[in-house]
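Observations on the model geometry
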Amino acid sequence: MGFPQRVFSGVQPSGNLHLGNYLGAIKRFVELQARYDCIYCVVDLHAITVWQDPTELPRAIREVAAAFLACGIDPKKHIVFNQSQVAEHAELAWVFNCVARLGWLNRMTQFKEKAGKDRENASVGLYAYPTLMAADILVYRATHVPVGEDQKQHLELSRDIAQKFNKDFGQSIRDKGYGDTFFPLPEPLITGEATRVMSLRDGTKKMSKSDASDQSRINLTDDADAIAQKIRRAKTDPEPLPSEEKGLETRPEADNLVGIYAALTDTTRALVLKQFGNAQFSTFKTALTDAAVAKLGPIAAEMKRLLSDATAIDKVLADGAARAQKLAGETMKAVKDIVGFVHS
Ligand code: TRP
């Protein structure tokens, strides 16, 4: 409805980045640059909803920023920054805490999973996490949000918040000359092969930085030897690969490796199976290793180079934050008008 198209997304700096972060998120962030104005954020405010060691957090923030740049995000044409440098995120999140309903947040499955049995001891921030996420997106009035399946529910909540704000403050929005609706309803962008990368040790579990076994994931900083060794040891089943996608349905490990290969080489599972149908895993794993090393090797090297100069990364983040703040400041000023706060 007349909102300029804009992409926003965020990655948490809370541990090592792995292949799942790359194929599920960052690779698509890179592709979207050709079609949209993009804002990519290292969401450090989200990271502290669970404990982060202050001696490690700066490195984790810079590592996500380095991964963005090493994978091909252009911080000059688009915006790259860390969330805590733009105070408007937290400011708008407070207003949204007063728009969102307890009942809505109580339905969030990620909170239930993360809080676990000891819910009384979870941080208030972990509970309010989705209202901050809504603020991240809407403080830029972003229209499109590349996210994984696991964030779909949070994005729906962002839409609900935008809609309720537009409705509750409808009269004020019109009176103050902001048109009929102030916030767009942001759309998820969920596409492509292997948006969900699974553990190399268990094809039914997501690849995760919190998995105790480092063999379960390929880290973006792994060298060629580590990648080869992890793929060689990846769990499979005794059958050769099927030649049709249907044959993957009951074989989660085979499905995962084929999906990873398809995503790494920008093709589809069907085409991979055309090539490797009836092949033994040993053959396929060699090809997969080559594809992974070809794609990830240069990224790991570039990340290492970038991380050796923290000052340069910090400059990119500061420059991005200044540009983001300009946009966010405009939205926040209008929100203050609409809500009825007195401001200068
Ligand atoms: N919650 C997202 C995740 O864990 C990260 C995130 C924070 C995000 N704010 C966002 C993603 C805004 C998209 C848009 O993956």
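Overview of the structure. (Residues numbered from 1 in each chain as written. Predicted model: local features only at pLDDT ≥ 70, side-chain atom pairs only at ≥ 80, totals over all residues. Heavy atoms only, no water.)

Quick notes on helix H3 (residues 57-71)
One full turn of an α-helix is made of 3.6 residues, so residues set three or four places apart face in the same direction. Rules: Strands are runs of DSSP state E lasting at least two residues, helices are runs of H or I lasting at least four, and both sets are numbered from the N terminus onward. A helix is expected to reach a length of 1.5 Å times the quantity of its residues less one. Note on classification: 1.4 Å probe, protein chains only; a residue is buried when its accessible area is under 20% of the maximum for its type, exposed when over 50%, partly exposed between these limits.
Taking 1.5 Å of rise per residue, the 15 residues of H3 would be expected to cover 21 Å, and the 21 Å separating its terminal C-alpha atoms lies within 8% of that figure. Of all 15 residues in H3, 12 are buried; the element is thus mostly enclosed. Once H3 ends, the next one or two residues include Gly 72, with phi positive near 115°.

Concerning the environment of Gly 72
Heads up, the condition is: Contacts are assigned to residue pairs that have any heavy atoms within 4.5 Å of one another.
When you line up the elements, Gly 72 lands in the loop between H3 and strand S3 (79-82). Between the alpha carbons of Gly 72 and Gly 170 there is a distance of 41 Å; along the sequence they are 98 residues apart. Aside from chain neighbours lying at most four places away, what touches Gly 72 is Val 30 and Gln 33.

Structural notes on the site of the ligand
As a reminder of what qualifies: Any residue with at least one heavy atom within 4 Å of a molecule or strand is counted as near it. N or O atoms within 3.5 Å of each other form a polar contact, as long as, within protein, one can give a hydrogen and the other can take it, and as long as residues adjacent in sequence are counted only when both atoms are side-chain atoms. In these tables, accessible area is a Shrake-Rupley quantity obtained with a 1.4 Å probe, and a residue counts as shielded only by the protein chains included in the view. Think of it as three bins: nonpolar holds Ala, Val, Leu, Ile, Met, Phe, Trp, Tyr, Cys and Pro, charged holds Asp, Glu, Lys and Arg, and polar takes everything else, Gly as well.
For the ligand, the set of nearby residues contains 13 residues, the closest of which are Gln 12, Tyr 129, Met 133, Asp 136 and Gln 151. Between Asp 136 and the ligand, the recorded distance is 2.7 Å, taken from a side-chain N or O atom to a nitrogen atom. Taking 370 Å² as the accessible area of the ligand by itself, protein coverage stands at 88%. Among the secondary structure elements, those contributing two or more residues to the shell around the ligand are strand S1 (6-11) and helix H7 (124-138). Here the shell around the ligand takes four residues from H7, the largest share from any one element. Among the residues forming the shell around the ligand, the class breakdown is seven nonpolar, five polar and one charged.

A word on the pattern of salt bridges
Should the charged atoms of two oppositely charged side chains come close, the side chains can pair. Short version of the rule: Should a side-chain nitrogen of Lys or Arg be within 4 Å of a carboxyl oxygen of Asp or Glu, the pair is scored as a salt bridge.
This model, assessed by the stated rule, comprises 18 salt bridges. With its nearest N and O atoms 3.3 Å apart, the salt bridge here joins Glu 31 to Lys 27. One end of the pair, Glu 31, and the other, Lys 27, are both in helix H1 (residues 19-32), four residues apart, so they sit about a helical turn from each other. Relative accessible area serves as the criterion here: at 43%, Glu 31 is assigned to the partly exposed category. For Glu 91, the salt bridge identified is with Lys 336, shortest N-O distance 3.3 Å. Of this pair, Glu 91 sits in helix H4 (residues 88-97) while Lys 336 sits in helix H14 (residues 310-339), placing them 245 residues apart in sequence. Under the relative-accessibility criterion, Lys 336 is labelled partly exposed at 24%.

Let's talk about the nonpolar core
The following threshold applies: Only buried residues count toward a nonpolar core, which is a set of Ala, Val, Leu, Ile, Met, Phe, Trp, Tyr and Cys residues joined through side-chain atoms within 4.5 Å.
Core analysis: the biggest nonpolar cluster contains 60 residues, and Leu 19, Tyr 22, Phe 68 and Phe 284 have the highest contact counts within it. Counting 47 residues, the second-largest nonpolar core is a separate cluster that includes Leu 92, Phe 96, Leu 126 and Ala 135.

Observations concerning the packing of H3 against helix H13 (residues 281-307)
Heads up, the rule is: Throughout, an axis means a line fitted to C-alpha atoms (over the contacting stretch in the case of helices), and angles, computed between N-to-C directions, take values from 0 to 180 degrees. Here roughly perpendicular refers to angles of 65 to 115 degrees, roughly parallel to angles under 35, roughly antiparallel to angles over 145, and oblique to all remaining angles. Crossing chirality is assigned from the near helix's rotation relative to the far helix, an anticlockwise turn below a right angle marking it left-handed and a clockwise turn marking it right-handed.
Where H3 meets H13, the closest approach of the two axes is 9 Å, and the angle between their N-to-C directions is 130°. For the element pair H3 / H13, the angle class is oblique. H3 and H13 meet at a crossing whose hand is right-handed. Here H3 contributes Arg 62, Glu 63, Ala 66, Ala 67, Leu 69, Ala 70 and Cys 71 to the contact with H13, which in turn contributes Ile 299, Glu 302, Met 303, Leu 306 and Leu 307. Classifying every residue of the contact of H3 with H13 gives nine nonpolar, no polar and three charged.

Looking at the pairing of strand S2 (residues 37-42)
Moving residue by residue along a regular strand, the side chains alternate between the two faces of the sheet. Note the following rule: For two strands to count as paired, DSSP must find a minimum of two bridges between them.
Burial within S2 is extensive, with five of its six residues counted as buried. Where S1 and S2 come together, six bridges link them in parallel fashion. In the strand pairing of S2, Phe 8 is matched with Ile 39. In the sheet, S2 pairs with S3 via four bridges, with the strands oriented parallel. Within the sheet, the bridge partner assigned to Cys 41 lies in S3 and is Phe 81.

Considering the packing of H1 against H13
Where H1 contacts H13, the axes come no closer than 13 Å and their chain directions differ by 90°. Of the possible angle classes, the one that applies to H1 and H13 is roughly perpendicular. Contacts between H1 and H13 involve Leu 19, Tyr 22 and Lys 27 on the former and, on the latter, Lys 295, Leu 296 and Ile 299. Here the contact of H1 with H13 is built from residues that sort into four nonpolar, no polar and two charged.

Considerations on H13
What counts is decided by this rule: The bend reported for a residue corresponds to the angle between axes fitted to the seven residues ending at that residue and the seven starting there.
Given a rise of 1.5 Å per residue, 27 residues ought to cover 39 Å, and the 36 Å separating the end C-alpha atoms of H13 matches this to within 8%. Bending of H13 peaks at approximately 35° at the position of Leu 296, with proline Pro 298 no more than four residues after it.

Let's talk about the state of the cysteines
Going by this rule: In this description, the term disulfide denotes a pair of cysteine sulfurs within 2.5 Å.
Evaluation of the coordinates by the stated rule reveals zero disulfides. With no disulfide of its own, Cys 41 lies 13 Å from the sulfur of Cys 38, the closest cysteine sulfur.

Re the environment of Ala 47
Along the chain, Ala 47 turns up in helix H2 (residues 44-47). Judged by relative accessible area, Ala 47 falls into the buried class, the value being 0%. When the C-alpha positions of Ala 47 and Ala 254 are compared, they lie 33 Å apart, and in sequence the two are 207 residues distant. Setting aside residues up to four positions removed in sequence, Ala 47 forms contacts with Gln 12, Pro 13, Ser 14 and Gln 52.

Considerations on unusual backbone geometry
One non-glycine residue with positive phi stands out, namely Arg 141, at about 45°. In this fold, Arg 141 is placed in the loop between H7 and strand S4 (144-146). With phi around 55°, Asp 266 is a residue other than glycine that occupies positive phi space. With respect to the secondary-structure elements, Asp 266 resides in the loop between helix H11 (252-264) and helix H12 (269-276).

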